[in-house]
Amino acid sequence: MIKDIIEFYKIGKELGLTNKEMNKVLFFNNSRYTLIFKLIIIIMISFWAISILILTAEISRNTYPAGTGYSTVRMKDFKIKKRKS
């Protein structure tokens, strides 16, 4: 896909088009809602990035994985007890 975009720009330069004209054709095709589309894309990407950061922080906060029990064994449980005779 990147190769196609590079070829598109090379052909556009040969035809004498400016970068602005090529971007209009390639991305939004002279739509009157380009600003709205760009804002929606930016909001979606930022929401996605923030949600990944929050989920990563929440997952790393847990000591034990979900669904597993945890141990309540302490060091004092292993002390040697003297036998009463």
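Every value quoted in this text rests on a predicted model; they were computed, and no experiment measured them.

> Got a minute to help me understand the overall build of the chain in this structure?
Along its length, the chain carries 3 helices and 0 strands. Along the chain direction, N to C, the helices and strands of the chain fall in the order α-α-α. Taking all 85 residues of the chain together, 2% fall into the buried category. When the accessible surface of the chain is summed, it comes to about 8,900 Å², and 65% of that surface belongs to carbon and sulfur atoms.

> Looking at this model, I keep getting lost on the packing of aromatic side chains. Mind explaining?
For the coordinates displayed, the defined rule picks out 1 aromatic pair. Seen in terms of ring centroids, Phe-8 and Tyr-9 are 5.9 Å apart; in terms of plane orientation they differ by 80°. Their pairing is edge-to-face. Owing to a relative accessible area of 23%, Tyr-9 belongs among the partly exposed residues under this scheme.

> Help me understand the environment of Tyr-9 in this model?
Mapped onto the secondary structure, Tyr-9 falls in helix α1 (residues 2-15). On a C-alpha basis, the gap between Tyr-9 and Leu-26 in space is 9.6 Å, while along the polypeptide they are 17 residues apart. Residues contacting Tyr-9, with those up to four places away along its chain left out, are Asn-19, Met-22, Asn-23, Leu-26 and Phe-27.

> In this structure, what is going on with a nonpolar patch on the surface? I would like to understand it.
Together, Tyr-33, Ile-36, Phe-37, Ile-40 and Met-44 line one region of the surface with nonpolar side chains, adding up to about 480 Å² of accessible area. Considering the arrangement of structural elements, one finds Ile-36 in helix α3 (residues 34-61). A relative accessible area of 45% means that Ile-36 is categorised as partly exposed.

> Would you explain the confidence of the model for the chain in this entry?
Confidence in the prediction of the chain, expressed as mean pLDDT, is 77, and 67% of residues score 70 or more. Of all secondary-structure elements in the chain, the lowest mean pLDDT belongs to helix α2 (residues 19-28), at 75, while α3 reaches the highest, 86.

> Is there a simple way to think about α1 in this case?
Side chains three or four residues apart in an α-helix point the same way, a direct result of the helix having 3.6 residues per turn. The end-to-end C-alpha distance of α1 is 20 Å, a good match for the 20 Å that 14 residues give at a rise of 1.5 Å each. α1 sits mainly on the outside: 1 of its 14 residues count as buried. Once α1 ends, the next one or two residues include Gly-16, with phi positive near 90°.

Rules used in this analysis
Residues numbered from 1 in each chain as written. Predicted model: local features only at pLDDT ≥ 70, side-chain atom pairs only at ≥ 80, totals over all residues. Heavy atoms only, no water. Helix = DSSP H or I, 4+ residues; strand = E, 2+ residues; numbered from the N terminus. Buried < 20%, exposed > 50% of the residue type's maximum accessible area, 1.4 Å probe, protein only. Areas by Shrake-Rupley, 256 points an atom, 1.4 Å probe, with all protein chains shown as cover. Phe/Tyr/Trp six-rings, centres within 6.5 Å; stacked < 30°, edge-to-face > 60°. Contact = heavy atoms within 4.5 Å. Patch = residues over 30% accessible without salt bridge, like charges linked within 9 Å, V, L, I, M, F, W, Y side chains within 5 Å. Salt bridge = Lys/Arg side-chain N within 4 Å of Asp/Glu carboxyl O. pLDDT = per-residue confidence, 0-100. Expected span 1.5 Å × (residues − 1).

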